[in-house]
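Residues per chain are reported as follows:
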Amino acid sequence: MKPVPKQGILDMPAYVGGRDAVKGVAEPYKMSANENPLGASAHACAALEKPFDPSIYPDGHATALRMGLAELNGLNADNIVCGNGSDEILQLLAQAYLGPGDEVLHTEHAFLIYKLASRATGAQPIAVPETALTANVDTLLAAVTPATRMVFLANPNNPTGTMLAQDDIVRLHAGLGGDTILVLDGAYAEYCDPQTYPAGFDLVERHDNVVTTRTFSKAYGLAALRLGWGYCPPDIAAVLNRLRGPFNINQPALAAGLAALEDQAHIDTSRAHNTQWREWLAQQLGGIGFSVRSSFANFILVEFENGEQAAAAEAFLCARGVIPRGLTAYGLPHALRLSIGTEAANRAALSALTDFVNQTDAAEGRG
Ligand SMILES: *Cc1c(COP(=O)(O)O)cnc(C)c1O
């Protein structure tokens, strides 16, 4: 006899994050994890420098942070639940509402956590085909069955960078049963145009089955602190608050998160840097023969002829001190995801990819 975990857990591969080191390269450009190349706000860094008493528990309700989030976004603080990364909110939703026999829809090349969090509960995740690497509402709705309990949609999606508009999201929601939760993951929301981004907060407020999640790991540059949040209908907020650890957000994260919110200029600067260099990289890569799809996030997808080429390019880039994210686990073995970096990183990536293309062309007798 030995202990046996719940059904589903041993079917999951452990999550493997983006590489962060290359043998023989002292300080590589890490373009594999969609971190903010400008770092965190100076306000957040100053908050982290402030002494605090580590013997005292943090505020288990994250009150100041939730009030700050509510004020900034025009939301009801009671319906905000903070998480140890937005991953925790996704996992809590799965734990609370899914189990064996339930089905969960996610798009074909979706963020891996959706599949893992679902499997951990014994539920069955279902990968729904995309159209041109974009979620397709009709295909998603066609995959709904009486067993469907949750639909995860990252908007924009990681790793494809593609996005659905508000009308599509409304139509997707309208096609789901009232007992199916639509989870809108806005991890890259801050990189989108604030005037047109379909945040989904209005849907959360009008319905009992829509949740939006956000993170401080990407544009806010606080990935190390593990801080995210969900905006939920009241009943779902009450469920997540029962299920979560009572002190799931640590004191440095509470302090830095609140300070970061107060520095929206840093978000604006980060968005502008990202847009400028994302368009530059896409254009430059277009000039050397890649067709880079438009991305709404802080990364681009670089597609190669096949998986071997992509693997060769990944090794070539790493040797040049530029670390991309290989996407085999996302069902895109022929592509690499490249996070938008500092100017130096972006130029190094272009230079390495240019040399890779020239070397490949020479080897194949082209050019
Ligand atoms: C990075 C990412 C997250 C969240 O990360 P946390 O660090 O756990 O907040 C969530 N969803 C998507 C699509 C992401 O890319």
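Residues numbered from 1 in each chain as written. Predicted model: local features only at pLDDT ≥ 70, side-chain atom pairs only at ≥ 80, totals over all residues. Heavy atoms only, no water.

1. Notes on the side chain of Thr360
Right, so step 1: Of note, Thr360 is situated in helix 12 (residues 343-363).
Right, so step 2: In this structure the side chain of Thr360 is engaged in a polar contact, spanning 2.6 Å, whose partner is the backbone oxygen of Phe356. (Helix = DSSP H or I, 4+ residues; strand = E, 2+ residues; numbered from the N terminus. Polar contact = N/O pair within 3.5 Å; in protein donor to acceptor, adjacent residues only side chain to side chain.)

2. Notes on the sheet that holds strand 12 (residues 335-339)
Right, so step 1: An order of 9-12-11 is seen for the three strands of this open sheet, with the pairing classed as antiparallel. The sheet terminates laterally at strand 9 (299-303) and strand 11 (325-326), the two strands that pair on one side only.
Right, so step 2: Relative to strand 12, strand 9 runs antiparallel, the two being bridged by five bridges. Following the sheet pairing, Leu301 is matched in strand 12 by Arg337.
Right, so step 3: In the packing of helix 10 (residues 264-287) onto the sheet, the strands contacted are strand 9 and strand 12, and the crossing angle to strand 9 comes to about 10°.
Right, so step 4: Relative to strand 12, helix 11 (residues 307-319) is tilted by about 35°, and along the sheet it contacts strand 11 and strand 12. (Pairing = 2+ DSSP bridges. Contact = heavy atoms within 4.5 Å. Axes fitted to C-alpha atoms, helices over the stretch in contact; angles between N-to-C directions.)

3. Quick look at the site of the ligand
Right, so step 1: Within the structure, the ligand sits among 14 residues, and Asp185, Tyr188, Thr215, Ser217 and Lys218 are positioned closest to it.
Right, so step 2: At a separation of 2.6 Å, an oxygen atom of the ligand approaches a polar side-chain atom of Tyr188.
Right, so step 3: Side-chain polar atom of Ser217 to an oxygen atom of the ligand: 2.6 Å apart, as the coordinates give it.
Right, so step 4: If the ligand stood free it would expose 380 Å²; the protein chains cover 94% of that surface.
Right, so step 5: The residue makeup of the shell around the ligand, split by class, is five nonpolar, five polar and four charged. (Near = heavy atom within 4 Å. Areas by Shrake-Rupley, 256 points an atom, 1.4 Å probe, with all protein chains shown as cover. Nonpolar A, V, L, I, M, F, W, Y, C, P; charged D, E, K, R; others polar.)

4. A few points about the side chain of Asn34
Right, so step 1: You can see Asn34 is positioned in the loop between strand 1 (29-30) and helix 1 (42-49).
Right, so step 2: One polar contact links Asn34 to Ser339, side chain to side chain, over a distance of 2.7 Å.
Right, so step 3: Residue contacts for Asn34: discarding those within four places in its chain leaves Asn158, Tyr188, Lys218, Asn298, Phe299, Arg337 and Ser339.

5. Some remarks on the packing of helix 1 against helix 9 (residues 251-261)
In a pair of packed helices, the angle between the axes and the distance between the axes together describe the arrangement.
Right, so step 1: In the contact formed by helix 1 and helix 9, the axes pass within 7 Å of each other and the chain directions differ by 150°. In terms of their interaxial angle, helix 1 and helix 9 are classed as roughly antiparallel. The hand of the helix 1/helix 9 crossing is right-handed. Seen from helix 1, the contacting residues are His43, Ala44, Ala47 and Leu48; seen from helix 9, they are Pro252, Ala255, Ala256, Ala259 and Ala260.
Right, so step 2: For the contact of helix 1 with helix 9, the residue count by class is eight nonpolar, one polar and no charged. (Parallel < 35°, antiparallel > 145°, perpendicular 65-115°, else oblique. Left-handed = near helix turned anticlockwise from the far one by under 90°.)

6. Things to note about the packing of aromatic side chains
Right, so step 1: Under the counting rule described, the total for this entry stands at 11 aromatic pairs.
Right, so step 2: Where Phe201 meets Tyr231, the ring centres are 5.7 Å apart and the plane angle is 90°; that geometry is what we call edge-to-face. Highlighted residues: Phe201 in helix 7 (residues 201-206) and Tyr231 in strand 8 (residues 228-231), separated in sequence by 30 residues. A single burial state applies to Phe201 and to Tyr231, both of which are buried. (Phe/Tyr/Trp six-rings, centres within 6.5 Å; stacked < 30°, edge-to-face > 60°. Buried < 20%, exposed > 50% of the residue type's maximum accessible area, 1.4 Å probe, protein only.)

7. Some thoughts on the sheet that holds strand 7 (residues 210-215)
Right, so step 1: If you walk across this open sheet you meet the seven strands as 2-8-7-6-5-3-4, and the pairing is mixed. Looking at strand neighbours, the two that pair on one side only are strand 2 (80-83) and strand 4 (124-128), the edges of this open sheet. Averaged over all pairs of adjacent strands, the angle between their axes in this sheet comes to 20°, without regard to strand direction.
Right, so step 2: Pairing geometry for strand 7 and strand 8, over four bridges, is antiparallel. Residue pairing in the sheet places Thr215 in a bridge with Gly228 of strand 8.
Right, so step 3: Here helix 3 (residues 86-97) sits on the sheet and contacts strand 2, strand 5 (148-154), strand 6 (181-185), strand 7 and strand 8; the angle it forms with strand 7, its principal contact strand, is near 155°.

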